[in-house]
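One-letter residues, chain by chain:
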Amino acid sequence: MFADRTSSITRPLCATARNKHSLRAPVKSLKPVLAAADPTGHRVHSLSGRAARLRVQGRYREARPLLREALRLAEDFFGANSLEVASVLNQLGMLGKYDGHF
């Protein structure tokens, strides 16, 4: 009886996992559309992501100019008090921590 209850519980979870996984494909296809609607925001996100990958690889000197450019774009496009600017500043702080500046 316990096995029957377990299998009935896991069935909806499996279905949910399949549905959750199948929703990823449309999100990927929206990236070019979102980039066209918000090219500067997409550029900020792209620069930040590339800088984060470089930081993980230990390539700090290459990451810093990308984050500075992302910060300049984010401040110009979103404003100095935006979450995007805060995110880039946080990444610059993390880079400084790993680079030994703090």
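Here, every reference points to the structure presented above.
Residues numbered from 1 in each chain as written. Predicted model: local features only at pLDDT ≥ 70, side-chain atom pairs only at ≥ 80, totals over all residues. Heavy atoms only, no water.

(A) Geometry of the side chain of S48. Within the element layout of this structure, S48 appears in helix α3 (residues 39-56). Within the local environment of S48, its side chain forms a polar contact with the backbone oxygen of V44, the two atoms lying 2.9 Å apart. Leave out the neighbours within four places in its chain, and S48 touches L67, A70, V88 and Q91. (Helix = DSSP H or I, 4+ residues; strand = E, 2+ residues; numbered from the N terminus. Polar contact = N/O pair within 3.5 Å; in protein donor to acceptor, adjacent residues only side chain to side chain. Contact = heavy atoms within 4.5 Å.)

(B) Examining the nonpolar core more closely. Counting residues in each nonpolar core, the largest one holds 15 residues, and the members touching the most others are V44, L67 and V88. For this core, the elements supplying multiple residues, two or more each, are α3, α4 (60-78) and α5 (83-99). With seven residues, the top contributor of residues to this core is α4. (Core = buried A, V, L, I, M, F, W, Y, C linked by side-chain atoms within 4.5 Å. Buried < 20%, exposed > 50% of the residue type's maximum accessible area, 1.4 Å probe, protein only.)

(C) Summary view of the pattern of salt bridges. What the rule picks out here adds up to four salt bridges. For E62, the salt bridge goes to R59, with nearest N and O atoms at 2.7 Å. Given a relative accessible area of 37%, R59 falls into the partly exposed group. Among the salt bridges present, the one from E69 reaches R72, with a minimum N-O distance of 2.7 Å. Of this pair, E69 and R72 both sit in helix α4, three residues apart, which is roughly one turn of that helix. Through salt bridges with shared partners, one network takes in E69, R72 and D76. (Salt bridge = Lys/Arg side-chain N within 4 Å of Asp/Glu carboxyl O.)

(D) Structural view of the packing of α3 against α4. Between α3 and α4, whose axes approach to 8 Å, the crossing angle comes to 160°. In terms of orientation, α3 and α4 fall into the roughly antiparallel class. You can see that α3 and α4 cross each other, and the crossing is left-handed. Contact residues: T40, G41, R43, V44, L47, S48, R50, A51, L54 and R55 in α3; Y60, E62, A63, L66, L67, E69, A70, L73, A74, F77 and F78 in α4. Its residues placed into classes, the contact of α3 with α4 shows 13 nonpolar, three polar and five charged. (Axes fitted to C-alpha atoms, helices over the stretch in contact; angles between N-to-C directions. Parallel < 35°, antiparallel > 145°, perpendicular 65-115°, else oblique. Left-handed = near helix turned anticlockwise from the far one by under 90°. Nonpolar A, V, L, I, M, F, W, Y, C, P; charged D, E, K, R; others polar.)

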